[in-house]
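Report on the structure
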Amino acid sequence: PFDVLVVGGGPASASAAIYAARKGIRTGMVTERIGGQVNDTAGIENFISVKRTEGPIFAESLEEHVKDYNIDVMNLQRAQGLERKNNVIEMELENGAVLESKTVVLATGARWRQIGVPGEEEFRNKGVAYCPHCDGPLFEGKDVAVIGGGNSGVEAAIDLAGIVKHVTVLEFAPELKADSVLQERLNSLPNTTIKTNAKTTEITGEDNVNGITYIDRESETEQHIELEGVFVQIGLLPNTEWLGDNVERNKFGEIAVDRLGATNVPGVYAAGDCTDEPNKQIIISMGSGANAALNAFDYIIRN
Ligand code: FAD
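Residues numbered from 1 in each chain as written. Predicted model: local features only at pLDDT ≥ 70, side-chain atom pairs only at ≥ 80, totals over all residues. Heavy atoms only, no water.

Focus: the nonpolar core
V4, F58, I71, V105, Y269 and I282 are the most contacted members of the largest nonpolar core, which totals 31 residues. When residues of this core are traced back to their parent elements, those giving at least two are β1 (2-7), α1 (11-21), α2 (55-67) and α6 (282-302). Apart from the residues within four sequence positions on either side, V4 is in contact with A20, I25, R26, T27, G28, S101, T103, V105, A296 and I300. Among the nonpolar cores identified, the runner-up in size contains 21 residues, and V30, M74, M91 and A270 belong to it. (Core = buried A, V, L, I, M, F, W, Y, C linked by side-chain atoms within 4.5 Å. Buried < 20%, exposed > 50% of the residue type's maximum accessible area, 1.4 Å probe, protein only. Helix = DSSP H or I, 4+ residues; strand = E, 2+ residues; numbered from the N terminus. Contact = heavy atoms within 4.5 Å.)

A closer look at the state of the cysteines
Evaluation of the coordinates by the stated rule reveals one disulfide. The partner cysteine of C131 in its disulfide is C134, sulfur to sulfur 2.2 Å. Around the S-S axis, the bridge from C131 to C134 shows a dihedral of about 65° and counts as right-handed. The class for C131 is buried, based on a relative accessible area of 9%. Under the relative-accessibility criterion, C134 is labelled partly exposed at 31%. No disulfide involves C274; its nearest neighbouring cysteine sulfur is the one of C131, lying 17 Å away. (Disulfide = S-S within 2.5 Å.)

A short note on the sheet that holds strand β14 (residues 198-205)
Across the sheet, three strands lie side by side as β14-β15-β16; this open sheet has antiparallel pairing. The open sheet has two free edges, formed respectively by β14 and β16 (221-226), since each of these has just one partner strand. Taking the axes of each pair of neighbouring strands and ignoring which way they run, one obtains an average angle of 25° across the sheet. Of the strand pairs in this sheet, β14 and strand β15 (residues 209-216) are connected by seven bridges, and their pairing is antiparallel. The residue bridging T204 from the neighbouring strand is G211, located in β15. (Pairing = 2+ DSSP bridges. Axes fitted to C-alpha atoms, helices over the stretch in contact; angles between N-to-C directions.)

Quick look at the sheet that holds strand β11 (residues 143-147)
With parallel pairing, the five strands of this open sheet are ordered in space as β10-β17-β11-β12-β13. Of all the strands in the sheet, just β10 (128-129) and β13 (192-195) have a single pairing partner and so form its edges.

Focus: unusual backbone geometry
A negative phi angle is the norm for most residues apart from glycine, just as the trans form is the norm for most peptide bonds. One non-glycine residue, N87, adopts positive backbone phi at about 65°. Even without a glycine there, the phi angle at E220 is positive, about 55°. Within the fold, E220 resides in the loop between β15 and β16. What makes E220 exposed here is its relative accessible area of 68%.

A few points about the site of the ligand
Near the ligand there are 35 residues, and of these E32, R33, Q37, N46 and I282 occur at the shortest range. A distance of 2.8 Å is found between an oxygen atom of the ligand and a side-chain nitrogen or oxygen belonging to E32. With respect to the ligand, the backbone of D273 contributes an N or O atom lying 2.9 Å from an oxygen atom. For the ligand, the protein covers 97% of the area, taking 1,000 Å² as the surface of the free molecule. Every element with two or more residues in the shell around the ligand is listed here: α1, β2 (27-31), β3 (43-44), β9 (110-112) and α6. Residue composition of the shell around the ligand, by class: 13 nonpolar, 16 polar and six charged. (Near = heavy atom within 4 Å. Polar contact = N/O pair within 3.5 Å; in protein donor to acceptor, adjacent residues only side chain to side chain. Areas by Shrake-Rupley, 256 points an atom, 1.4 Å probe, with all protein chains shown as cover. Nonpolar A, V, L, I, M, F, W, Y, C, P; charged D, E, K, R; others polar.)

Re empty space enclosed by the protein
Applying the stated criterion across every chain yields a total of one cavity of 30 Å³ or more. Taken as a whole, the largest cavity holds about 40 Å³ of empty space. Lining the largest cavity are G272, D273, E277, N279, K280, Q281, I284, S285 and S288. Looking at side-chain class alone, the lining of the largest cavity contains one nonpolar, five polar and three charged residues. (1 Å grid on protein atoms, 1.4 Å probe; cavity = no way out; pocket = protein on both sides within 12 Å on 5 of 7 lines; lining within 4 Å. Points joined across faces, edges and corners; volume = space filled by probe spheres on them.)

Focus: the environment of A21
Along the chain, A21 turns up in helix α1. Note on A21: relative accessible area 14%, which makes it buried. For the pair A21 and Y69, spaced 48 residues apart in the sequence, the C-alpha separation amounts to 6.6 Å.

Shape is all these values report; function is a separate question.
Here's what the structure looks like:
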């Protein structure tokens, strides 16, 4: 059996696998694709010590670093179930194989929920963005919209209002869903507008985004706003559905971890965007991957 089996191929997994392999223990990695969400990222400007890089380049260097170690990488493989039996964790893959390991680090990441209107795919990274921490500064001095009036949308709007010229929040429902303290903060800002009952129908543009079209559900009229950026903030979905009932999760489906990165199942750790860690960033997922692997190693030497 493996000592540490890492599930996922993003920054959290790469970090966990390298930290484990550096202990000289038997380390495996099962992943659908190496690089994770970073593959879909254009510019990365907040990975500290690297002023600017691009997603695919970053993903390639993750892979190179992993391959520099004695890590059994099972690429293009999906884990579909996990069970702890007699102090060993059995991991079932979609191809029918069953792997055994003393410990597991779950690092299957997350995906942004998409609004699914024309223009969203076309202008992805050309004005359509999902992460205000990552892409906010690209819109300095410009007009942007945030789709979604829940906590993440309103937090994004408050954050962006400090950088961009003007932020319009579009919410489908008749009122915002965010906590009232956040709504009050948003309302106190001079450069924000809230449109409720607004059903986004299209993100427009030529080479880059130039506007957003929505239906005002009250007056049943079509409206258009000229702007240069759209942040979609209607949810981040953790890739944890496959875990069944074995591993404890919160109401958002995020794996509950403690300070050690440990889950409720002995020997099973989790790291990165699939966990209840509140801030989802490359640098944070790598830190949590390293933490989980070191604590998995500690678990192995004590059991
Ligand atoms: P992920 O990167 O999501 O990787 C998870 C991996 O697990 C994937 O490869 C997935 O295919 C695989 N997987 C899922 N389920 C299974 C399964 N059942 N079996 C096997 N494998 C599985 N962060 C920054 O710090 N700076 C930025 O500039 C930045 N820009 C971003 C731009 C975009 C468009 C997006 C989408 C995200 C951006 N982020 C940025 C966020 C950053 O990419 C994530 O925080 C980070 O990738 C999380 O790493 P992770 O390893 O936890 O998960």
